[in-house]
Amino acid sequence: MMRRLAAGNWKMHGTAESLDEVRALASTFPSPKCDILICPPATLLSRMAETAAGTAIAVGAQDCHTSPTGAHTGDISAEMIADAGGAYVIVGHSERRSDHGESNAEIRAKAMAAKSAGLAAIICVGETLQEREDGRTIEIVRGQLGGSIPDGTTGQNTVVAYEPVWAIGTGKVPTLAEIAEVHDDIRKEMIARFGTAAQEIRLLYGGSVKPSNAHEIFGVPNVDGALVGGASLKADDFGMIVAELERA
Ligand code: PGA
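Reading the values: the criteria
Residues numbered from 1 in each chain as written. Predicted model: local features only at pLDDT ≥ 70, side-chain atom pairs only at ≥ 80, totals over all residues. Heavy atoms only, no water. Core = buried A, V, L, I, M, F, W, Y, C linked by side-chain atoms within 4.5 Å. Buried < 20%, exposed > 50% of the residue type's maximum accessible area, 1.4 Å probe, protein only. Helix = DSSP H or I, 4+ residues; strand = E, 2+ residues; numbered from the N terminus. Contact = heavy atoms within 4.5 Å. Near = heavy atom within 4 Å. Polar contact = N/O pair within 3.5 Å; in protein donor to acceptor, adjacent residues only side chain to side chain. Areas by Shrake-Rupley, 256 points an atom, 1.4 Å probe, with all protein chains shown as cover. Nonpolar A, V, L, I, M, F, W, Y, C, P; charged D, E, K, R; others polar. Pairing = 2+ DSSP bridges. Axes fitted to C-alpha atoms, helices over the stretch in contact; angles between N-to-C directions. Right-handed = clockwise from strand over helix to strand, strands pointing away.

Engineer: Looking at this model, I keep getting lost on the nonpolar core. Mind explaining?
Structural biologist: Proteins that are soluble and globular tend to have nonpolar side chains buried together. Ranked by size, the top nonpolar core spans 61 residues in total, and within it Val160, Ile186 and Met190 carry the most contacts. Counting residues per element, this core draws most heavily on helix H10 (residues 235–247), at 6 residues. Beyond its immediate stretch of four places on either side in the chain, valine 160 contacts Ile123, Val125, Leu145, Ile149, Ile186, Met190, Ile201, Arg202, Leu203 and Leu204. Counting 13 residues, the second largest nonpolar core, distinct from the first, contains Ile90, Ile122, Val159 and Leu227.

Have a look at this one:
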């Protein structure tokens, strides 16, 4: 049985004192009915992994390089993330695609690097507002899936996050029907490529998920959890989202 996933993406937020949020979350959910993940900035990764050791909270990174080692100033590899205690890595977040010009091919290489290091990759896709207004959402998402998801993808090594760019950090959320349409299409694409085992690939919705809208979003078919930015920074807010996912 697939376990749903509540994933927090702290982005460029968090210092040592933020580890208290992880302690609070861990004590609220000693044995949750879903998986819980926090992806802090790289500077906090190993400390958070130590804090979360022996609890139900998994830790992950927000990006990785395509190579295991090398002359790549400022980058970290999937092996280093695993060594620091990470179990997941987000790849292809829209902020990486736009701030760092990451292509689908590069994201696919990062997902493959994650797989060789034994990490699960959370591969992000999603359309811009212009693309949605032009009626190209499905075409754009299919293109990103085809280009960024490597062969050999399974529910164990991969999670897919649908994050409309215009919904990230804006408080704007697609309608439930819009979320359902895209998630349904992603599921069909995954099954067409990887067979019925792709039913086990968790499909997360991301973009302005908060305690007040989590319940309805988790009721949408093929939504197996959420990738949460702003509302994952505080254990109280994120805990309410986790509780909604447990009930879903
Ligand atoms: P948000 O970010 O929840 O702050 O909109 C989501 C994300 O970028 O993963």
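The rest of the description comes next.
Engineer: I would appreciate a short explanation of the site of the ligand in the present structure.
Structural biologist: As a structural note, the neighbourhood of the ligand is formed by 13 residues, with Lys11, His93, Glu163, Gly169 and Ser208 the closest of them. Between the ligand and glutamate 163 there is a distance of 2.6 Å, counted from an oxygen atom to a side-chain nitrogen or oxygen. One nitrogen or oxygen atom from the main chain of glycine 169 is found 2.6 Å from an oxygen atom belonging to the ligand. Across the complex, the protein chains shield 95% of the 280 Å² of accessible surface that the ligand would expose by itself. When grouped by side-chain class, the residues that make up the shell around the ligand number 4 nonpolar, 7 polar and 2 charged.

Engineer: Honestly, the sheet that holds strand S5 (residues 120–125) in this entry has me stumped. Any pointers?
Structural biologist: Within a sheet, adjacent strands bond to each other through the backbone by hydrogen bonds, running parallel or antiparallel. Around the barrel, 8 strands lie side by side as S1-S2-S3-S4-S5-S6-S7-S8; this closed barrel has parallel pairing. Taken over all neighbouring pairs, the strand axes of this sheet differ in orientation by 25° on average, direction set aside. Where strand S6 (residues 158–162) lies against strand S7 (residues 202–206), 4 bridges are found, and the strand directions are parallel. Bridged to valine 160 within S7 is leucine 203.

Engineer: How should I be thinking about the pairing of S7 in this particular structure?
Structural biologist: Along any regular strand, the residues point their side chains to alternate faces of the sheet. With 5 of its 5 residues buried, S7 lies for the most part within the structure. In terms of handedness, the path from S6 via helix H8 (residues 176–194) over to S7 forms a crossover that is right-handed. In this sheet, strand S8 (residues 225–228) lies alongside S7 in parallel orientation, the contact comprising 2 bridges. The residue of S8 that forms the bridge with tyrosine 205 is alanine 226. Handedness of the β-α-β unit built from S7, helix H9 (residues 211–218) and S8 comes out right-handed.

Read these as layout, nothing more, since geometry by itself doesn't imply function.
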